[in-house]
Amino acid sequence: MSGCTGCEVAIADNYAGLLTLLDRYVDWVYDLTLADVRHIPEMDVALVEGSVCINDHLSVEEIRETRERSKIVVALGACACTGNITRFARGGQQNQPQHESFVAIGDLIDVDVFIPGCAPTPQMIRNVCVCAYLLLKGNDDQKALAGAYLKPLMAAAKCDPAPTGCGHACGCDLIVGVINQGLCMACGACAASCPVRAITMELGKPNIDRELCIKCGACFNQCPRSWYSFDVTNQYESIMETIDAAMAP
Amino acid sequence: MVQDNFLGNYTSCVAARSTNRGILAGSQDGGIATGLLAFALEQGIIDGAIVSMVDPSEPWKPMPFVATSPEELYFARGTRYSLSPNLALIKEATRSYGLDKVGIVGTPCQMQGLRKGQLYPIGLRDVPDKIALAVGIFCMENFPYQSIIQLVEDHGNTKLENVVKMDIGKGKFWIYTERGAVVQLPLKITHKYEQPGCHVCLDYVSNLADVSTGSVGTPDGWSTVFVRSKKGNDVWAKAMAAGCFETKPIEEVKPGLDLVTKLATEKITKNRKSLEERAKFGIGKGLRNPYI
Ligand code: SF4
Ligand code: SF4
Ligand code: SF4
């Protein structure tokens, strides 16, 4: 869709790991940039990068087709999840100046999983891919673990917790969703995760420079007080070992 | 492996103190965090650590920083009882500081943020695999810096710049000045100044750290140490073999693990209750519960 291809580059930034994913877990059936296939085929999982320009018929048609032909739709990256920087678009760009209206894919179709971030990180994409595979093909223990891992990313795609997941993200989610709710405990994870350094920690709380914020949603999703699963983190060692084993050369 | 609902998973628990007098002198208790990180740094297990030091511009104001030498680690000794957002540097440590093996000290909630960040590195590209050692501390609650000013200067009638040590223990908040005065405030005064986010915290002893440590459970000058993960066991065994710490079985010291369990149970039970109260905070409407 309307993205910068950074999300796709982030997949490739798994380097040898991408080859492992393709060798063992994934048949790569469609990709405008990398695969020589013209039309959207039937897919188990579609990773969608970019928001949808509703002034562009082809984009609208393709996002609809993607939903109809895929069992699981994953919004890959902030533009697909919540609009991100395309939320600032207002048209006037050559050679299609009338392309001015962009929406997150979830504004038009049901989305199953969010992978937020601008760009999403190679490790996050890897973890989701391995867990998605284990959820479908693993043994019972692996299914349970992978299911627990994916649960918050599936919830985010269904607007839970608000304010993120509702097709619109902002650094001010930290204010509305964490500080206003009496939940911030001054860890600083939000500041570390901001790709444009819009967040500084002032007296232990995030201070957001809203002029800098590109609306990627990384800060809120990285925050341990936005959503947090004890089921998952209490098993962090075994989950990371499982992923390492799945990716071992 | 012990699995405890309140104390988390751990392979061993001991009373310990550093054998390095220099470290012990400036530390709050047994000098475990500083001693372990200094050892890990010397051995190349980590090549730097995110710790908290006092901001040179204001008395007792903590700020996170990246220590890359044992000397720099020594700046970090002691407890400040106020917020130091150490995770704010977790990505930067691997960028402008160039660390490939990052050590970090943090509160239980920071350990939670760290592990969430390793499992879900949404904005933490290339960070998850570089976390080499996470040392967690015990934490009952924490205070914004302004609350410390309020407590020390207003309630304690003491200038913050004259304070040499603060401590919470025996049901009181203790303030020690450089001229030898000791001010004590009952904890019922301090409670309202706590950071609100601490009231939903369900971890007392850094259940997700590699090694966690705190003063509760052991006599003055000693620390209680939980060794938890594979990484934690590995570095702890090496540090013990190198003679960095003196230890005693936790069963042989007073007040021992029972007190740790008691405080952990109290904290977590109280905060579970506060989560329940939050759920019906309004009329037919509640506040958000972050735990899923
Ligand atoms: S503050 Fe930074 S991390 Fe948060 S939404 Fe804005 S750009 Fe993204
Ligand atoms: S990540 Fe969340 S809890 Fe941590 S400082 Fe930022 S807003 Fe507060
Ligand atoms: S009580 Fe919990 S939330 Fe508060 S600082 Fe300590 S570990 Fe963090």
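Rules used in this analysis
Residues numbered from 1 in each chain as written. Chains lettered and ligands numbered in written order. Predicted model: local features only at pLDDT ≥ 70, side-chain atom pairs only at ≥ 80, totals over all residues. Heavy atoms only, no water. Helix = DSSP H or I, 4+ residues; strand = E, 2+ residues; numbered from the N terminus. Buried < 20%, exposed > 50% of the residue type's maximum accessible area, 1.4 Å probe, protein only. Polar contact = N/O pair within 3.5 Å; in protein donor to acceptor, adjacent residues only side chain to side chain. Axes fitted to C-alpha atoms, helices over the stretch in contact; angles between N-to-C directions. Parallel < 35°, antiparallel > 145°, perpendicular 65-115°, else oblique. Contact = heavy atoms within 4.5 Å. Nonpolar A, V, L, I, M, F, W, Y, C, P; charged D, E, K, R; others polar. Pairing = 2+ DSSP bridges. Domains from an automatic or database assignment. Buried area = accessible area lost by both parts, 1.4 Å probe. Salt bridge = Lys/Arg side-chain N within 4 Å of Asp/Glu carboxyl O. Near = heavy atom within 4 Å. Disulfide = S-S within 2.5 Å. Phe/Tyr/Trp six-rings, centres within 6.5 Å; stacked < 30°, edge-to-face > 60°.

Caption draft 1: Examining the side chain of glutamine 195 of chain B more closely. On the secondary structure map, glutamine 195 of chain B appears in the loop between helix 6 (187-190) and strand 11 (211-214). Exposure remark for glutamine 195 of chain B: the relative accessible area of 1% places this residue in the buried category. Here lysine 205 of chain A takes part through its side chain, which lies 2.7 Å from a polar atom of the side chain of glutamine 195 of chain B.

Caption draft 2: Quick look at the packing of helix 2 (residues 16-25) of chain A against helix 11 (residues 236-247) of chain A. Residue and element names in this part refer to chain A. Here helix 2 crosses helix 11 at 80 degrees, and the two axes come no closer than 9 Å. When the interaxial angle is binned, helix 2 and helix 11 end up roughly perpendicular. Where helix 2 abuts helix 11, its residues Gly17, Thr20, Leu21, Arg24 and Tyr25 lie against Ala245, Ala246 and Met247. Here the residues of the contact of helix 2 with helix 11 sort into five nonpolar, two polar and one charged.

Caption draft 3: Local environment of the sheet that holds strand 9 (residues 172-177) of chain B. Residues and elements named next belong to chain B. Across the sheet, which stays open at both edges, the three strands sit in the order 8-9-10 with antiparallel pairing between neighbours. The sheet terminates laterally at strand 8 (163-169) and strand 10 (182-186), the two strands that pair on one side only. Going across the sheet, the axis of each strand differs from the next one's by a mean of 15 degrees, ignoring polarity. The sheet contact formed by strand 9 and strand 10 spans five bridges and is antiparallel. Within strand 10, the position partnered with lysine 172 by the bridge is proline 186.

Caption draft 4: Expanded view of the domain arrangement of chain B. All names here are of chain B. Domain annotation of chain B identifies domain 1 (2-142 + 196-280) and domain 2 (144-193). Computed over C-alpha atoms, the centres of domain 1 and domain 2 are 23 Å apart. Facing 12 residues of domain 1, the contacting portion of domain 2 comprises 11 residues. Here domain 1 meets domain 2 over a buried area of about 1,200 Å², counting both sides, of which 60% is carbon and sulfur. Looking at the side of domain 1 that touches domain 2 residue by residue, the classes come out as five nonpolar, three polar and four charged.

Caption draft 5: Highlighting the interface of chain B and chain A. Taken together, the contact pairs 48 residues of chain B with 56 residues of chain A. Where chain B abuts chain A, roughly 4,600 Å² becomes buried across the two surfaces, and 57% of that area is made up of carbon and sulfur atoms. Considering only the side of chain B, the residues that lose the most area to chain A are Tyr120, Ile122 and Arg288 of chain B, jointly responsible for 19% of the buried surface there. Where arginine 126 of chain A meets aspartate 129 of chain B, a salt bridge forms, and the shortest distance between an N and an O atom there is 3.6 Å. Linking chain B with chain A are 30 residue pairs in polar contact (both at pLDDT 80 or more). Residue contributions to the side of chain B that touches chain A peak at nine residues, all from helix 4 (residues 108-119) of chain B. Residues belonging to the side of chain B that touches chain A are distributed by class as follows: 23 nonpolar, 12 polar and 13 charged.

Caption draft 6: A look at the site of ligand 3. Near ligand 3 you find Met185 and Arg225 of chain A together with Thr107, Pro108, Cys109, Cys139, Met140, Glu141, Asn142, Cys198, Cys201 and Lys267 of chain B, and these make up its full shell. Lying at an intersection of chains, ligand 3 is approached by residues of chains A and B.

Caption draft 7: How the structure looks around the site of ligand 2. All names here are of chain A. Surveying the vicinity of ligand 2 reveals 13 residues, the closest of which are Cys184, Cys187, Gly188, Cys190 and Cys223. Among the secondary structure elements, those contributing two or more residues to the shell around ligand 2 are helix 7 (173-179) and helix 8 (189-193). Taken together, the residues of the shell around ligand 2 break down into 12 nonpolar, one polar and no charged.

Caption draft 8: The pairing of strand 6 (residues 199-202) of chain A, seen in detail. All names here are of chain A. Going residue by residue along strand 6, you find Ile199 and Met201 tucked away on one face and Thr200 and Glu202 left uncovered on the opposite face. Bridge analysis of strand 6 against strand 7 (residues 205-208) gives four bridges, and the strand direction is antiparallel. The partner of methionine 201 across the bridge, within strand 7, is proline 206. Taking the residues that link successive antiparallel strands as the turn, the strand 6-strand 7 hairpin has two residues, and the phi of leucine 203 there is positive, at about 50 degrees.

Caption draft 9: Geometry of the side chain of threonine 20 of chain A. Residues and elements named next belong to chain A. Residue position: threonine 20 is located in helix 2. Assessed through its relative accessible area of 10%, threonine 20 is described here as buried. Aside from chain neighbours lying at most four places away, what touches threonine 20 is Tyr25, Ala246, Met247 and Ala248.

Caption draft 10: Structural context of the state of the cysteines. Residue and element names in this part refer to chain A. With the rule as written, the count across this model stands at one disulfide over all chains. Residue pairing for cysteine 170: its cysteine sulfur links by disulfide to cysteine 172, the two sulfurs lying 2.5 Å apart. Given an S-S torsion of about 120 degrees, the disulfide between cysteine 170 and cysteine 172 has right-handed geometry. On the basis of relative accessibility, which here comes to 4%, the residue cysteine 170 falls in the buried class. Cysteine 172 sits in the buried class, given a relative accessible area of 19%.

Caption draft 11: How the structure looks around the domain arrangement of chain A. Residues and elements named next belong to chain A. Here chain A is described as being made up of domain 1 (6-163 + 230-247) and domain 2 (171-222). The C-alpha centroid of domain 2 is placed 23 Å from the C-alpha centroid of domain 1. Note on domain 1 versus domain 2: buried area summed over both sides is about 840 Å², and carbon and sulfur give 70% of it. Among the residues domain 1 hides against domain 2, the three largest losses belong to Phe88, Cys118 and Pro163. Together they make up 47% of the total.

Caption draft 12: Geometry of the pattern of salt bridges. All names here are of chain B. Under the counting rule described, the total for this entry stands at 15 salt bridges over all chains. Taking the shortest distance from any N to any O, the salt bridge between lysine 130 and aspartate 100 comes out at 3.7 Å. A residue pair is termed long-range when its members are at least 10 positions apart, and lysine 130 in the loop between helix 4 and strand 7 (131-137) and aspartate 100 in the loop between helix 3 (70-74) and strand 6 (102-106) qualify at 30 residues. Judged by relative accessible area, aspartate 100 falls into the partly exposed class, the value being 46%. In this structure, the salt-bridge partner of arginine 125 is aspartate 126, at a minimum N-O distance of 3.7 Å.

Caption draft 13: The arrangement of the packing of aromatic side chains in detail. Here the structure, examined in full by the defined rule, presents 12 aromatic pairs over all chains. Here the aromatic rings of tyrosine 228 of chain A and tyrosine 291 of chain B are separated by 6.1 Å at their centres, their planes lie at 80 degrees, and the arrangement is edge-to-face. With tyrosine 228 of chain A in the loop between helix 9 (218-222) and helix 10 (230-233) and tyrosine 291 of chain B in the segment after helix 8 (257-279), this residue pair bridges two chains. Relative to tyrosine 204 of chain B, the ring of phenylalanine 138 of chain B lies with its centre 5.9 Å away and its plane at 45 degrees, an arrangement referred to as tilted. Linking phenylalanine 138 of chain B in the loop between strand 7 and helix 5 (145-155) with tyrosine 204 of chain B in the loop between helix 6 and strand 11, this pair joins segments that are 66 residues apart in sequence. In this pair, the class of phenylalanine 138 of chain B matches that of tyrosine 204 of chain B, namely buried.

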